[in-house]
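# Remarks on the overall topology
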Amino acid sequence: MSAPTRSDDAADPSSAQLAAYVRDAGVGVRNRVLVVPSVICSHIVAQRIADAVDGAVCAPHDHGCAQIGADHDQTERTLLNVTRNPNLAGATVVGLGCEHLQSGPFAEAVADHGVPVRELSIQEVGGSDACIEAGTEATRDLAAAAAADRSEASLGDLTVGVVGSDLAASTRDVADPVVGGTVDALLDAGATVAVAGTERLAPHAEAAADRAASDPVAERLAAAAERTADEPGNVRGLVRRAADLPFDEVVGSWGSAPVEEFVQYGDRVTVDEGVAVVDTPSRFEEAATALAAAGASVVVHVTAEGIPSGHPIVPVLKVTGDGETARILPDDVDVDARSTTPDGLLDELRRVADGGRTATERHGLTKFAINRVGPSM
């Protein structure tokens, strides 16, 4: 199914003005302070600190201890770049004191990127209660300083993330064409679009390479396709589904533009505009974290099943093409793709970027997860 066309005589919603937060890291659409545990052992304390401060969010995760090699590097890289997301005005780093990913050096790395940061560890301040008290005070200070003025911007100034967590018929035939048309409109306006879900490339390595804008990007896309072909579990299931479909259908939500950049999990997008593929599986929680680390300030999630979770760092716009899902989960789905166009989705994106809440924000449903390279010890 081809992407729905946009009317030429209608006002271009991608150029409509919105009030945003212009930061060194990019243009943000929320003004939040992140409380980030450096290790799984401190994530409950970190969550209680965030719960006590208006405007604070937490990124609880299962990492930071007993990880080695590529897994440790990926965890640290991801958490560091998440703190640089343009939706964040600062970060409080909470450690335990004996972990592999030490909170002190990590906070110094955050500060090196110009992000206002506070740091404390449970063992150094005298226990969990003392850490909650001190961390709450530090985070309140950051939140008070985060009362930034908003500036005029447009959707073309943003980095927008896109992830589709399935290849159901309703996704491919109904939702993806609308999202793909929206991506093309965003690119026409000068936006950067970061897309997730590299396992779907596995059966289509040659076609993925042909989509690249340069030889280095083609090589990285082909290498990712070959690597993910052998991964187990849910990844393999989606790979099998993708193998039965034409390449254009498995990447329908990515629009029609060439791929300008390939970004490893946890890294930031560096192109000023165009499509960047982020090397992450399509599982929503892990993909959304990778897109937040890449610099996306808002994420479009295509889901036939109506997965209700959002993400603490970025507002997530839920789009479905499945009629039954839209009927039984009307409060968890933001956009029914059966009854909209790319312009309609752009209008909804602009509303959210201008401060309007998504379904997951109204419900307070968030999940934060980091993909693993290999098993942790």
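Just so it is clear, the model here is predicted, and its values are computed rather than measured.

Strand pairing in a sheet takes place through backbone hydrogen bonds and is either antiparallel or parallel in direction. Spatial strand order, E2-E1-E7: three strands in an open sheet with antiparallel pairing. Where the open sheet ends on each side, the last strands, each with one partner, are strand E2 (26-28) and strand E7 (151-153). Taking each pair of neighbouring strands and ignoring which way they run, the sheet shows an average axis angle of 60°. The sheet contact formed by strand E1 (residues 18-23) and E7 spans three bridges and is antiparallel. Each residue of the ladder has a partner; that of leucine 18, found in E7, is alanine 153.

Let us now look at the pattern of salt bridges. All told, the structure shown has eleven salt bridges when counted by the stated rule. Here arginine 32 and glutamate 361 are joined by a salt bridge, their closest N and O atoms 2.6 Å apart. Pair noted here: arginine 32 is in strand E3 (residues 32-37) and glutamate 361 is in helix H14 (residues 359-363), with a separation of 329 residues, a long-range link. Its relative accessible area of 14% is what places arginine 32 among the buried residues. Among the residues examined, glutamate 361 registers a relative accessible area of 18% and is labelled buried.

Moving on: helix H13 (residues 342-353). For H13, which comprises twelve residues, the first-to-last C-alpha distance of 16 Å matches the rise-based estimate of 16 Å (1.5 Å per residue) to within 8%. When we look at burial in H13, the residues that qualify are Pro342, Asp343, Leu345, Leu346, Glu348, Leu349, Val352 and Ala353. The inward-facing, buried residues of H13 abut E1, helix H6 (169-188), strand E12 (298-302), strand E13 (316-320) and strand E14 (335-336). Glycine 355 lies just past H13 and shows a positive phi near 115°.

Time to look at the packing of helix H1 (residues 43-51) against helix H5 (residues 128-145). Relative to each other, H1 and H5 sit at 40°, their axes nearing to 9 Å. One way to sum up the angle between H1 and H5 is to call them oblique. In the crossing of H1 with H5, the sense of the turn from one axis to the other is right-handed. On H5, the residues touching Val45, Arg48 and Ile49 of H1 are Ser128, Cys131, Ile132, Gly135, Thr136 and Thr139.

Once that is clear, we can look at the sheet that holds strand E10 (residues 259-263). Taking strand neighbours across the sheet as the criterion, the seven strands line up as E10-E11-E9-E8-E12-E13-E14 in an open arrangement whose pairing is parallel. Two strands in the sheet have a free side with no partner beyond their single neighbour: E10 and E14. Judged from the five bridges that link them, strand E8 (residues 159-164) and E12 form a sheet pairing that is parallel. Residue pairing for E12: valine 162 is matched across the bridge by valine 300. Contacts between helix H11 (residues 284-294) and the sheet are confined to E8, strand E9 (192-196), strand E11 (274-278), E12 and E13, with E8 contributing the most and set at about 165° to the helix.

Let us now look at the pairing of E8. Counting buried positions along E8 gives six out of six residues, so the element sits mostly inside the fold. Burial of the side chains of E8 extends over both faces: Thr159, Gly161 and Val163 are buried on one face and Val160, Val162 and Gly164 on the other. The sheet contact formed by E8 and E9 spans four bridges and is parallel. The residue of E9 that forms the bridge with threonine 159 is threonine 192. With H6 bridging E8 and the parallel E9, this β-α-β connection has right-handed handedness.

Before going further, it helps to examine a negative patch on the surface. Taken together, the side chains of Glu108, Asp112, Glu119 and Glu124 define an acidic patch exposed on the protein surface. The topology assignment puts aspartate 112 in helix H3 (residues 103-112).

Each packed pair of helices is defined by two parameters, the angle between the axes and the distance between the axes. At their nearest, the axes of H6 and H13 sit 8 Å apart, and the two run at 70° to each other. In terms of orientation, H6 lies roughly perpendicular with respect to H13. As for how H6 packs across H13, the hand of that crossing is right-handed. Here Val178, Val179, Gly181, Thr182, Ala185 and Leu186 of H6 come into contact with H13, specifically with Pro342, Leu345, Leu346 and Leu349. Looking at the contact of H6 with H13 residue by residue, the classes come out as eight nonpolar, two polar and no charged.

Before going further, it helps to spend a moment on the nonpolar core. Counting 55 residues, the largest nonpolar core has Leu155, Val179, Leu186, Leu201, Leu221 and Val319 as its most contacted members. Broken down by element, this core gets its largest block of residues, seven residues, from H6. Dropping the residues within four chain positions of it, leucine 155 is found in contact with Pro13, Ser14, Ala16, Leu18, Leu186, Ala191, Leu346, Leu349, Arg350 and Ala353. Membership of the second largest hydrophobic core comes to 39 residues, among which are Ala91, Val163, Ala296 and Ile370.

Here we take up the environment of phenylalanine 106. As for its placement among the helices and strands, phenylalanine 106 is situated in helix H3. Exposure remark for phenylalanine 106: the relative accessible area of 1% places this residue in the buried category. For the pair phenylalanine 106 and valine 93, spaced 13 residues apart in the sequence, the C-alpha separation amounts to 8.0 Å.

Glancing now at the environment of alanine 296. Mapped onto the elements, alanine 296 comes out in the loop between H11 and E12. As a C-alpha pair, alanine 296 and threonine 228 span 68 residues in sequence and 24 Å in three-dimensional space. Discounting residues that sit within four places of it in the chain, alanine 296 has contacts with Asn85, Thr159, Val160, Gly161, Leu291 and Val314.

The rules behind each value
- Each chain has its residues counted from 1, following the order in which its sequence is written.
- For a predicted model such as this one, the threshold for reporting local features is a pLDDT of at least 70, and the threshold for listing and counting side-chain atom pairs is 80 or more; totals across whole chains, interfaces and linings nevertheless cover every residue.
- Side-chain descriptors were evaluated using all non-hydrogen atoms of the structure, hydrogens and water having been removed beforehand.
- When DSSP finds two or more bridges between a pair of strands, those strands are recorded as paired.
- Numbering of helices and strands runs from the N terminus, with a helix taken as a DSSP run of H or I at least four residues long and a strand as a DSSP run of E at least two residues long.
- Axis definition: a line fitted to C-alpha atoms, limited for helices to the stretch in contact. Angles are taken between N-to-C directions and run from 0 to 180 degrees.
- The rule for a salt bridge is simple: a side-chain nitrogen of Lys or Arg has to be within 4 Å of a carboxyl oxygen of Asp or Glu.
- Think of it in three bands: with a 1.4 Å probe and only protein chains considered, a residue is buried below 20% of the maximum accessible area for its type, exposed above 50%, and partly exposed in between.
- Given a helix with a known number of residues, its expected span is that number minus one, times 1.5 Å.
- Note on definitions: a residue-residue contact is assigned when non-hydrogen atoms from the two residues lie within 4.5 Å.
- The scheme is simple: roughly parallel for angles under 35 degrees, roughly antiparallel for over 145, roughly perpendicular for 65 to 115, oblique for anything else.
- Handedness of each helix crossing follows the sense of rotation of the near helix against the far helix: counterclockwise by less than a right angle gives left-handed, clockwise gives right-handed.
- Assignment of crossover handedness uses the view with strands pointing away from the viewer, where a clockwise path from the first strand over the helix to the second indicates a right-handed crossover.
- Two distance rules govern patches: like charges are joined within 9 Å, and nonpolar side chains (Val, Leu, Ile, Met, Phe, Trp, Tyr) within 5 Å, applied only to residues with over 30% relative accessible area and no salt bridge.
- Using a 1.4 Å probe, accessible areas were evaluated by the Shrake-Rupley method; residue-level cover was limited to the displayed protein chains.
- For this count, His and the chain ends are skipped, Lys and Arg are scored as positive, and Asp and Glu as negative.
- By convention, the charge on Lys lies at NZ, on Arg at CZ, on Asp at CG and on Glu at CD.
- Charged means Asp, Glu, Lys or Arg here, nonpolar means Ala, Val, Leu, Ile, Met, Phe, Trp, Tyr, Cys or Pro, and polar covers whatever is left, Gly included.
- By convention a nonpolar core is built from buried Ala, Val, Leu, Ile, Met, Phe, Trp, Tyr and Cys residues, the set being connected through side-chain atoms within 4.5 Å.

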